[in-house]
Amino acid sequence: MTESGEARPSAGEPIRVLIVDDHELIRRSLALALAAEPDIEVVGEASDGQEAVELADRLMPDVALMDVRMPRQDGIEATKSIRASVPSTRIIMLTVSDEEEDLFEAIKAGATGYLLKDVQINDVPAAVRGVHEGQSLINPAMAAKLISEFATMSRKEAERPPQLPVPRLTDREMEVLRLVAKGMNNREIAKQLFISENTVKNHVRNILDKLQLHSRMEAVVYAVRERMLEIT
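So, how was this worked out
Residues numbered from 1 in each chain as written. Predicted model: local features only at pLDDT ≥ 70, side-chain atom pairs only at ≥ 80, totals over all residues. Heavy atoms only, no water. Helix = DSSP H or I, 4+ residues; strand = E, 2+ residues; numbered from the N terminus. Buried < 20%, exposed > 50% of the residue type's maximum accessible area, 1.4 Å probe, protein only. Contact = heavy atoms within 4.5 Å. Areas by Shrake-Rupley, 256 points an atom, 1.4 Å probe, with all protein chains shown as cover. Salt bridge = Lys/Arg side-chain N within 4 Å of Asp/Glu carboxyl O. Core = buried A, V, L, I, M, F, W, Y, C linked by side-chain atoms within 4.5 Å. Domains from an automatic or database assignment. Pairing = 2+ DSSP bridges. Axes fitted to C-alpha atoms, helices over the stretch in contact; angles between N-to-C directions.

**A short note on the overall build of the protein chain**
- Tallying secondary structure elements over the protein chain gives 10 helices and 5 strands in all.
- Within the protein chain, the fraction of its 232 residues that count as buried is 49%.
- A fraction of 68% describes how many contacts in the protein chain between residues 6 or more apart in sequence connect residues 24 or more apart.
- In the form shown here, the protein chain has an accessible surface area of approximately 11,400 Å², with 50% of it arising from carbon and sulfur atoms.

**What to know about the pattern of salt bridges**
- Per the stated rule, a full pass over the model turns up 11 salt bridges.
- Its salt-bridge partner being Arg-72, residue Asp-48 comes within 3.1 Å of it at the nearest N-O pair. Here Asp-48, found in the loop between β2 (40–46) and α2 (49–59), pairs with Arg-72, found in the loop between β3 (63–67) and α3 (75–85); they are 24 residues apart in sequence, far enough to count as distant.
- Accessibility expressed as a relative area gives 60% for Arg-72, which makes it exposed.
- One salt bridge connects Arg-172 with Glu-175, and the closest N-O pair in it is separated by 3.1 Å. Of this pair, Arg-172 and Glu-175 both sit in helix α7 (residues 171–181), 3 residues apart, which is roughly one turn of the helix.
- Sharing partners across several salt bridges, the network here consists of Asp-21, Asp-67 and Lys-117.

**Topic: the nonpolar core**
- Ranked by size, the top nonpolar core spans 52 residues in total, and within it Met-66, Ile-82, Met-93, Leu-177 and Val-220 carry the most contacts.
- Looking at this core, the element that brings in the most residues is helix α10 (residues 216–225), giving 7 residues.
- Looking at this core, you find at least three residues from each of domain 1 (15–144) and domain 2 (167–231).
- Not counting the four nearest positions on each side in its chain, Ile-82 is found in contact with Ala-52, Val-53, Ala-56, Met-66, Pro-87, Thr-89 and Ile-91.
- Judged by nonpolar contacts, the second largest core, of 16 residues, contains Val-17, Leu-30, Leu-65 and Leu-94.

**Here we look at the environment of Arg-187**
- Here Arg-187 is to be found in helix α8 (residues 186–193).
- Residues Arg-187 and Val-200 lie 13 residues apart in sequence; the distance between their C-alpha atoms is 8.3 Å.

**Some points on the environment of Met-93**
- Here Met-93 shows up in strand β4 (residues 90–95).
- Overall, the relative accessible area of 0% leaves Met-93 in the buried class.
- In sequence terms Met-93 and Ile-76 are 17 residues apart; their C-alpha atoms lie 8.4 Å from each other.
- Discounting residues that sit within four places of it in the chain, Met-93 has contacts with Met-66, Asp-67, Val-68, Gly-75, Ile-76, Thr-79, Ala-106, Ala-111, Gly-113, Tyr-114 and Leu-115.

**Some remarks on the sheet that holds strand β1 (residues 15–20)**
- The strand order across the open sheet built from 5 strands is β2-β1-β3-β4-β5, with neighbouring strands paired in parallel fashion. Each of the sheet's edge strands pairs with one partner strand only, and the pair in question is β2 and β5 (113–116). Recorded for the sheet is a direction-independent mean angle of 20° between the axes of neighbouring strands.
- Along the sheet face, α2 touches β1, β2 and β3 and points at about 140° away from the line of β2.
- Contacting β3 and β4, α3 runs over the sheet at an angle of about 175° to β4.

As C-alpha cells, this is what we get:
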C-alpha cells in the first residue's frame, strides 16, 4: 500500500514508468537508463503534456517522469490532469529550472518529486523507486526554497478569513508534518523523533487519510493554507 492507502503492484511486478519530454534525446537517455533495471519497465513515451495525459489514462503508470516546459500543454498542467484522472501515478518533475515558482507550482499540481536535468542519469532509477515507495523526492536545496515559498504563503493566508473546519491531527501527526515541510524523509524524521520508520509511515498515512490527500507535499500545502501549520 502507498502512504494514502492505495494498492501498488505486488512484489515481483516491475514499476511501470511513463517518460514525458519534448526532446527525443532526453527521452531515449532516460528510457535506456531505466530499461537496464530489472524492476522497472518503461511502458510509454510522450512528447508533450496532452499526449502524456492521454497515455496515462490508458496505461495507468506507477511513475511518470515529466518535463516542465513542453508544447501544447506544459508539465504542470499535465500533472494536474493526471493526478485527477490517475491519482495512483506518482510524478517526478524533470527540468532545467530550479526557480522557486516552478518548484512550488509543481508541488501544488501534485508532483511527488522534482529533479534537475543535470542529475546523473544513473540516479534516475533510484528516484523512480523512491517515489514509488512513497517518498517525496526533493533535495535539500529545493526543500529550502520550498520552505521559503511556504513561509510567504503562510503570511498571505493569515490575511484570509477562516474557511470550513479542518480535520484535526494529533500532536504527533503535527510534529511529523512539520518535519515533512522541512524536506525530511522518513528515515530522518524517525531519527529526529526517536521512533521507527514504520511508525513514521503510519503517521504519514493517517495524515493523508484524514486530509483526503495523496502526497506528503500536498498535505503541507493544505496545512499552510488552512493555518494548521505556520512556517517562518
